[in-house]
Amino acid sequence: MNSDQDSTDSSENQESGNRGVFGLAFDFYVTNFTQLFLLVLQVFFLAYLAEEIFEGDLILSLIYGAILAPLSVAVHRAIVLQEPLDASQYLPSFRYGRVWKFFGYGVLIALFGFLIVTLFSIIAGAGLFMGAMSDGSGSQFGVAILIGIAIAIAVVLLLRFAFVWPAIATDQFQSLGDSARQMRGMSWKVLGALIMVALPLVAVGFLAELLRFLSPVSDVASFLWIPLGPAVLSFVYISATAD
C-alpha cells in the first residue's frame with residue numbers, strides 16, 4: 001500500500017516538474033480567472049483614480065505598490081495555504097498588518113536596489129568625466145559595464161530576498177536571512193519562470209509600439225497578467241519549504 005502511494009506521489013511530482021513552475025502558475029490563473037479578474041479590476045480602478053489625483057513618479061510608484069499588495073497577498077495565500085480567493089475581500093484586506101508589512105518590505109528592498117544602481121551610476125559618471133578630461137577612449141564602454149553590473153546586482157538582490165513576500169503573506173516570515181537561506185538553489189528557477197511571465201507582455205508591448213491602436217490592449221493585458229508573478233513565486237516557495 002505504501003509502495004503504491006509512494007509511486008503515485010512520485011508520478012504526481014514528476015508531472016508537476018514536467019509542467020514547470022510557469023505551467024502550475026498558469027493552471028492556477030485559468031482555474032481562478034473570475035476572482036483574479038475581479039481583483040485586478042479593483043486594482044485598475046484605484047490605479048486610475050491615483051493617476052487622476054496625484055502627480056510624480058515616486059508618489060505613484062508607492063501608491064501602485066500599496067494597491068497591488070492585497071492582490072499579491074491573496075494569491076500567495078490561495079496557493080501556499082489553499083485559502084479560497086475572494087475578490088470581495090480586496091478593500092477590507094487593507095486593514096491587515098500583513099498587507100502593510102508586505103508593502104513595507106517591498107519598499108525597503110526596492111530602496112536597496114535603487115541605492116546600488118545610483119552608487120554605480122555615480123561611479124560611472126565620475127569615470128566618464130575623467131575619461132572626457134583625458135583622451136576619452138573606452139570611457140563609455142566602462143560606464144556601460146558599471147551600469148550593467150549595478151543592474152545585475154539589483155536583480156540578484158531582488159531574487160535573493162524574493163521569498164520575503166510569500167513568507168509575509170502567509171504569516172511565516174522569520175527574518176531576511178531566513179528568506180535568503182530558503183532561496184538557495186532556487187534563484188534561477190524563479191528567474192526563468194518570471195522571464196516566461198514577462199515574454200508575452202514584451203511581445204504585446206512591442207506590437208503596441210508598432211501598431212498604436214493596440215496600446216489599450218497592451219495596458220489591459222499588463223494588468224490582467226499581474227497575478228502570474230506572485231503565483232510563480234508561490235509555487236517555487238512551496239517547493240523550497242516542503243522539506
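Here's a quick rundown of the structure.

A cluster of nonpolar side chains, contributed by F45, Y48, L49, I53, F54 and I59, occupies part of the molecular surface with about 590 Å² of accessible area. Here the nonpolar patch takes four residues from helix α2 (residues 33-53), the largest share from any one element. For Y48, the location among the structural elements is in helix α2.

The subject of this paragraph is unusual backbone geometry. Positive phi, normally seen in glycine, also occurs at Q82, with a value near 60°. Mapped onto the fold, Q82 is located in the loop between α3 (57-80) and α4 (97-133). In this structure, D171 takes a positive phi of about 60° despite not being glycine. Among the secondary structure elements, D171 is positioned in the loop between α6 (164-169) and α7 (176-182).

Okay, the environment of V197 next. Along the chain, the position of V197 falls in helix α8 (residues 187-210). According to the relative accessible area criterion, V197 is buried, its value standing at 8%. For the pair V197 and P227, spaced 30 residues apart in sequence, the C-alpha to C-alpha distance is 10.0 Å. Discounting chain neighbours no more than four positions away, the residues touching V197 are F22, W225, L228, G229 and V232.

A complete count under the given rule lists twelve aromatic pairs for this structure. For the ring pair F22 and F26, a centre distance of 6.2 Å and an interplane angle of 20° mean the geometry is stacked. Highlighted residues: F22 and F26, both in helix α1 (residues 2-31), separated by four residues, approximately one helical turn. Residue classification places F26 among the partly exposed positions, given a relative accessible area of 32%. Here the aromatic rings of F94 and W100 are separated by 6.0 Å at their centres, their planes lie at 45°, and the arrangement is tilted. According to the relative accessible area criterion, W100 is partly exposed, its value standing at 42%. Counting every residue linked through ring pairs, the aromatic cluster contains F22, F26, Y29, F33, F37 and W225. Positioned over the ring face of Y96 is R98, at 5.2 Å from the centre of the ring.

Below, the discussion takes up the environment of D219. Tracing the backbone shows D219 in helix α9 (residues 215-225). Sequence separation between D219 and G205 is 14 residues; the distance between their C-alpha atoms is 8.5 Å.

A few words on the layout of surface pockets. Of the voids in this model, the largest pocket is the one considered here, and its volume is about 1200 Å³. If you go around the largest pocket, you meet 34 residues; those closest to its centre are L68, S72, G106, L158 and W165. For the lining of the largest pocket, the secondary-structure elements that each account for two or more residues are α3, α4, α5 (139-160), α8 and α10 (228-240). Per-class residue counts for the lining of the largest pocket are 27 nonpolar, seven polar and no charged. Approximately 280 Å³ is the volume attributed to the second largest pocket. Considering the residues around the second largest pocket, the lining is formed by 17 residues, among which A74, R77, E83, Q89 and S93 are closest to the centre. Those elements that provide at least two residues to the lining of the second largest pocket are α3 and α4. Top element by residues in the lining of the second largest pocket is α3. It accounts for six residues. In the lining of the second largest pocket, the residues fall into eleven nonpolar, two polar and four charged.

This brings us to the pattern of salt bridges. By the definition in use, this model includes four salt bridges. The salt bridge partner of D171 is R77, with a shortest N-O separation of 3.2 Å. You can see D171 sitting in the loop between α6 and α7 and its partner R77 sitting in helix α3, a full 94 residues away along the chain. Put simply, D178 and R181 hold a salt bridge, and the shortest N to O gap is 3.9 Å. Remark: R181 and D178 occur in helix α7; sequence separation between them is three residues, near one turn of the helix. Members of the salt-bridge network, linked through shared partners, are R77, E83, R98 and D171.

Parameters at a glance
Residues numbered from 1 in each chain as written. Predicted model: local features only at pLDDT ≥ 70, side-chain atom pairs only at ≥ 80, totals over all residues. Heavy atoms only, no water. Patch = residues over 30% accessible without salt bridge, like charges linked within 9 Å, V, L, I, M, F, W, Y side chains within 5 Å. Areas by Shrake-Rupley, 256 points an atom, 1.4 Å probe, with all protein chains shown as cover. Salt bridge = Lys/Arg side-chain N within 4 Å of Asp/Glu carboxyl O. Helix = DSSP H or I, 4+ residues; strand = E, 2+ residues; numbered from the N terminus. Buried < 20%, exposed > 50% of the residue type's maximum accessible area, 1.4 Å probe, protein only. Contact = heavy atoms within 4.5 Å. Phe/Tyr/Trp six-rings, centres within 6.5 Å; stacked < 30°, edge-to-face > 60°. Lys NZ or Arg CZ within 6 Å of the ring centre and 35° of its normal. 1 Å grid on protein atoms, 1.4 Å probe; cavity = no way out; pocket = protein on both sides within 12 Å on 5 of 7 lines; lining within 4 Å. Points joined across faces, edges and corners; volume = space filled by probe spheres on them. Nonpolar A, V, L, I, M, F, W, Y, C, P; charged D, E, K, R; others polar.

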